Each structure stands twice: as structure tokens, then as C-alpha cells.
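Residue-level listing of the chains:
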Amino acid sequence: MAVSKTNKKKQQCYIAVPSQIINSISSSGLQSLLLSPKKKNPSFSVKLKLLLNNPRFWVLFVFVFGFVGMLKLWFNFETLLPFAPNPCGIFQEKTSFLNDHQVSQLSIGALNLGNEEKEEEGDEKNEFWKQPDGLGYKPCLDFSSEYRKTSSDIVKGRTRYLMVVVSGGMNQQRNQIVDAVVIARILGAALVVPILQVNVIWGDESEFSDIFDLDHFKEVLANDVRIVSSLPSTHVMTRPVEEKRTPLHASPEWIRSHYTRKLRRDGVLLLRSLDSRLSKDLPSDLQKLRCKVAFHALRFSPSILDLGNKLTERMRSKGPYVALHLRMEKDVWVRTGCLPGLSHEIDEMINNERKQRPELLTSRSNMTYHDRKLAGLCPLNALEVTRLLKALGAPKNARIYWAGGIPLGGKEALQPLTSEFPHFFNKEDLALPGELEPFSKKASLMAALDYIVTENSNVFMPSHGGNMGHALQGQRAYAGHKKTITPNKRQMLRHFLNSSLSETEFNRIILDLHRDSLGQPELRKPGRDVTKYPVPECMCNGTMNHSST
């Protein structure tokens, strides 16, 4: 066996002995312990020789040696025995003995640590992490023969071009890009890569290729719509016809009847503000195209995808996690006509801003705050999110990733959540120094990172509706109906206000209200967006033929 030559110096080792033991030993006895005897037993060497020549001794020696070795392996015996090879290493930092109270405290601490480890091991078995039954539904984008037949003429076209300017935040822009592709298909026009309008709120000047993988976008849609990076030289000098009168929820027939003639005449059509301009109820092939764009073509750029996946792995490293999209920013409280309830001063400030700018209120301006709250039109605050998670069975050691802007009130606004669920992270907490720097001044890129980590979570819950919540609900359904909790605000909030309910009864009621709101397959109803409810147009169950494009 090789011996280390780095530490040739002899080390002195001292073993502490309780004073009670020292006092109980007589001075002569102590001397006999500390001093070696001066005379040797004359028969010792003879006895030792006989012992070493006895085969029973060696059998017993091997047995005892093996037994001690197994104990050491199983119970880390080395650190428990006073004759461990390195007694100096035992309680190296504690030179005094512990009293009974300290020993009991250490035992309790060790027990708690063991319990935490057991919780960690059983985390994934917690009912809260159980995924909904997807009923065999899988992606199914089988286009009709008629659709495929007309595709070759459409992708070869060189005379008609559609230009679109999309606005809003990243998720709102996604929705408009999806509809832009479908409108280009309806008109048989080539789509110029959508122009992202500079966001006046965040000053984000990101272009399409900063957020999305442009090459992938073109490749996936190569058989559906021709995508070009810019107008060809033959059309550069053409002044596009700008159409501002597209109504809400326009049908394909309306699109064709109003734009085809202009497009043939001028060659270029410019559309702005496409949000909800195209009908949610389209022919089957066009609904499938919507899903193809949303779930396949719109992939984030490599740099965003790379960091988003790294953040995801850091959240996954210790087990499952839940993602929350918290809508608690100042502008959300103003626009929804709701109050955060943090303090009287903050509520007054929100009320005053709303009075000064009444146009910011999104809908139902005649309703009082209390009525809006009970109607489920307000975002959940941190306390309500906490109570809902606890009632649905989220364990205290659950890891939570929260997406969204800085809440009104800062960290104090999140205190009910962080005190109940201490493993609470956002992208700033997970990123290494300098990792977020290339994205920090571009709100759309930061939102894309949130989207990736949230999409990959085991459980997702938004505190309020909105483009991101809707997009992720559809994406997670398309990925196999991953658990997505949709808070039943209209039914549950009156129970939140009922202080006479015991915690057990409250939890039972909340669980019962959400049994069918956990991401199970839900058929799309007329007027709903197929990218939020992809069944049945874009997903088929096991009894039907299906394929993923």
C-alpha cells in the first residue's frame, strides 16, 4: 500500500476525558495507566507464539475483522468509535463535552434533517404532483388532401406579399404572428417576416429573429406558406396598401372578399393590430395550421432556448417544481379595476390613477371593486395564491418558480408566499453572474425565459388570465396535458371571505371546486382559441389515427 510522503511530521493527538472519570481514579491507579510497566511478563512471548500458531485464532480474527468492516460500511462506524483511526477528527471543533440539553437538541436536529430528507425522497409521490389523465389525446395535424393540393401553388407564388406589424408584449405578439400566417394562407400570399412594433411601455426594440428561430420558422412552414425575410426588389418601391378597418373576429370569407382584389392590384398588403382580428372559429385545416405555427414553428432563438433550459435544469435538480405566473404589477391593478389590498395608501394611489386615466380600465367600468372581485375579474394576491396552493395540497418544501413583472409593493407583497413556501425562485435567483446581462434590457427576451421555465414545470398556475397563461395552457395540453391549475375565482373567493370555515372544511371545498380544473382534456367550444384548447382539432385520442408534424 502506498504511503503518503507529504506529512512526515508526527502529529500529537489528545483525547478529552471527563473530569468525573479523572477524579474517580486514585493517584496510584492513574500512574499505572500513564506509565509503562518496567518489568515484562516472562511468559508473554511464549503465550503470544502459541496463540499465533493456533489456526482457530486466525479464523476468529478474520471473522471479527470482516464483521467490524461491515459495521463500518453500514453505519459509518469509524466516526462512532473511540478507537477510530483519526480520533483527532472527532468533534474537532467542539473541545468540550455537551450537556444533556445540548445532546437532546442535536438529536432533534438530526431527526428533523432526516425528516426533510424523507420529504425530499417522497416529494414526487405527493398527490399534488400527480398529472391529469390525458385520455390518450396526442398531437394530430393531418391536413386534408385539398389543403395539400393547393399548397404547392401557394408556396410558389411570387406576386402577392403580406406585411404585418404586431404589437404588445411577447405573448401578445405570438398570437398575432400565428394569425398572420393563417391570413397569408387564406390570401395565398407570401408572408414577410413580421415586424415587431417597439413597445412604448418597455422600450423594447427586439426584432423577430432576436426572439424566435427564424430559420426554423421558415422550415416548419415551408409546405404551408412562403416566408420571406424582406420584400423582393420587384416590390420594394411599391407602396403597400395599409388596411386599418379589419373588424374583430373576421371570417376567412370576409378576409378574401375585402383584401384579394387590393392584393392583386398592388402586390403588397400591410396589416396592423391583428389582435383578435381573425375569427376563432375556422375550417379544420386552418385550425391545424394555427396549432402548427404556435406549437411547432414558433421556437425561441438558440441563445434564449439555451439559457431557458439551463434555468429549467437548475429548478429540476432537486425534484419537481410548480410555476406561478403572478400578475401583481401596478398596471395590472389599474387596468383590471382591482385593488392589491397591501395598504390603504397603496389602494388610494391605484384608485387615483384610475380616475385620472379611465381609459386604462379594460372592461365593465360600472362595477364596483367588490363586485369585480366576486365575479372573478381580479388577479389573486399573494395571500390568496398561498391559501389556494395549500388547499390543493402543495407541500411546504415545494420549489416554486415565479414568472411576471415586479409586483406592486416589492418583496413585501410576496411575503405570504415566501414565508409559507421558502423555496421561492425567479430567473434572477437562478442565473449565474452575467448570464442575464444580454437579455436584461429587453422585456420580450426576459418574458421568453419565463415562458420556457414555466412551460417545463410539473405544475403551472396563473394568478390571473392573460396571453401568457392562455398560451401556456394550450402548450401544456399539446405536450400531453401537463398539470395546469386554473383558479376557479368566481366560485372560490366567497369561501376565502368566510372566516367561520375551519381550515379542513375550507381545503375540502377548494379541492372539490378544482377537481375538473387541473389540465384535463377539454373540448374547444365555439369562440375559444384553438391554441388554448387544441382538442379536438389538433389532438386525437387513441381511437383515431394521428400524426405529429
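Each value, and the rule that gives it
Residues numbered from 1 in each chain as written. Predicted model: local features only at pLDDT ≥ 70, side-chain atom pairs only at ≥ 80, totals over all residues. Heavy atoms only, no water. Helix = DSSP H or I, 4+ residues; strand = E, 2+ residues; numbered from the N terminus. Buried < 20%, exposed > 50% of the residue type's maximum accessible area, 1.4 Å probe, protein only. Areas by Shrake-Rupley, 256 points an atom, 1.4 Å probe, with all protein chains shown as cover. Salt bridge = Lys/Arg side-chain N within 4 Å of Asp/Glu carboxyl O. Core = buried A, V, L, I, M, F, W, Y, C linked by side-chain atoms within 4.5 Å. Contact = heavy atoms within 4.5 Å. pLDDT = per-residue confidence, 0-100.

**Here we look at the overall build of the protein**
Stage number 1. In terms of helices and strands, the protein carries 22 helices and 13 strands.
Stage number 2. Relative to its 549 residues, the protein shows a buried fraction of 41%.
Stage number 3. Approximately 32200 Å² of the protein is accessible, and the part contributed by carbon and sulfur atoms is 55%.

**Things to note about the pattern of salt bridges**
Stage number 1. According to the stated counting rule, one finds 19 salt bridges in the structure shown.
Stage number 2. Across the salt bridge formed by D306 and K310, the nearest N and O atoms sit 3.5 Å from each other. Taken together, the positions of D306 and K310, both in helix α12 (residues 302–316) and four residues apart, correspond to about one turn of that helix.
Stage number 3. With relative accessibility at 36%, the residue K310 sits in the partly exposed group.
Stage number 4. The salt bridge partner of E522 is R528, with a shortest N-O separation of 3.0 Å.

**Re the nonpolar core**
Stage number 1. Membership of the largest hydrophobic core comes to 76 residues, with the highest contact counts inside it found for L162, L191, F208, F217 and F300.
Stage number 2. Ranked by residues supplied to this core, first place goes to helix α7 (residues 170–187) with ten residues.
Stage number 3. When sequence neighbours within four positions are dropped, the list of residues in contact with F217 reads I177, V181, F208, I227, V293, A297 and L298.

**Thoughts on the confidence of the model for the protein**
Stage number 1. Across the protein, the average pLDDT comes to 82, with 75% of residues at 70 or higher.
Stage number 2. When the criterion is pLDDT under 50, residues 545–549 qualifies, and its contacts beyond four places in sequence or with other chains add up to 18 contacts.

**Quick look at unusual backbone geometry**
Stage number 1. With omega at 10°, the peptide bond leading from V535 into P536 counts as cis.
Stage number 2. Relative to the assigned elements, P536 resides in the loop between α22 (503–513) and β13 (539–540).
Stage number 3. Within the chain, H249 stands out as a residue other than glycine whose phi angle is a positive 55°.
Stage number 4. Within the fold, H249 resides in the loop between β6 (241–243) and α10 (252–266).
Stage number 5. Its identity as a non-glycine residue notwithstanding, S276 has a phi of 60°, on the positive side.
Stage number 6. By secondary structure assignment, the location of S276 is in the loop between β7 (268–272) and α11 (284–297).

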